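Chain and residue survey
The lines below spell out each chain.
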Amino acid sequence: QVQLVESGGGLVQAGGSLRLSCVASGRTFSTYAMGWFRQAPGKEREFVAAINWSGGSTYYADSVRGRFTISRDDAKNTVYLQLNSLKPEDTAVYYCAAEGDRGPYGSWWSAPSEYDYWGQGTQVTVSS
């Protein structure tokens, strides 16, 4: 069982930055792939970024590549999402998710249905 708690959301002007954190419970954090997803009002939950168990591979949605960076610190059981050059369309509730790593094939890491563990979400609002 893994419990996830996100923090770091807030209100920021367009062009600004935020860093989201997700702290995981449990001693097997280092074996999990971690993902960040977001959901805007009236829209489906969408993939943002993912990182494999070792941190050696990262994956991004086209809409955030070059602006967002995912990283992990296994000593702190934490995964981060650095959000730079924020746009109003980045406004959403951001969720972190955990799943046992299945390797890089098939893009499973981009599908919300593939993750068993979810945090409660943190709101990011970008004003224009």
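Let us look at the structure shown here. The structure presented is a predicted model; accordingly, all values stated were derived computationally and were not measured.

A separate point is the state of the cysteines. Disulfide: a covalent bond formed between the sulfur atoms of two cysteine residues. Using the criterion set out here, one finds one disulfide in the structure. One disulfide bridge connects C22 with C96, the sulfur atoms lying 1.9 Å from each other. Because the sign of the S-S torsion sets the handedness, a value of about 45° for the bond joining C22 and C96 places this disulfide among the right-handed ones. Taken together, the residues C22 in strand β3 (residues 18-24) and C96 in strand β9 (residues 92-100) connect sequence positions 74 residues apart. This pair shows no difference in class: C22 is buried, exactly as C96 is.

A few words on the environment of A75. Mapped onto the fold, A75 is located in the loop between β7 (68-73) and β8 (78-83). Along the primary structure A75 and F29 are separated by 46 residues, whereas in three dimensions their C-alpha atoms are 9.4 Å apart.

As for its placement among the helices and strands, E6 is situated in strand β1 (residues 4-7). Buried charge without a partner: E6 forms no salt bridge, and the closest opposite charge is R45, 7.5 Å away. Here C96 takes part through its backbone nitrogen, which lies 2.8 Å from a polar atom of the side chain of E6. Sequence-distant contacts of E6, defined by excluding residues within four places in its chain, comprise S21, C22, W36, Y94, Y95, C96, G119, Q120, G121 and T122.

Parameters at a glance
- Counting restarts for each chain, with residues numbered from 1 along the sequence as it is written.
- Restriction of local features to residues with pLDDT of at least 70 applies here, the model being predicted, together with a cutoff of 80 or more for giving and counting side-chain atom pairs; totals for whole chains, interfaces and linings are based on all residues.
- Here the side-chain values reflect all heavy atoms present in the structure, with hydrogen atoms and water set aside.
- When two cysteine sulfur atoms are found within 2.5 Å, that pair is recorded as a disulfide.
- The secondary structure listing takes helices from DSSP runs of H or I that are at least 4 residues long and strands from runs of E that are at least 2 residues long, numbered from the N terminus.
- Relative accessibility under 20% of the residue-type maximum defines a buried residue, over 50% an exposed one, and the middle range a partly exposed one, all with a 1.4 Å probe and only protein chains included.
- The charge count treats Lys and Arg as positive and Asp and Glu as negative. His and the chain ends do not count.
- Salt bridges are identified by distance alone: a Lys or Arg side-chain nitrogen within 4 Å of an Asp or Glu carboxyl oxygen.
- Contacts described as polar in this section are N or O atom pairs within 3.5 Å, which, within protein, must combine one atom able to donate a hydrogen with one able to accept it, while residues neighboring in sequence count only if both atoms come from side chains.
- Contacts are residue-level and defined by heavy atoms, with any inter-residue pair within 4.5 Å sufficient.

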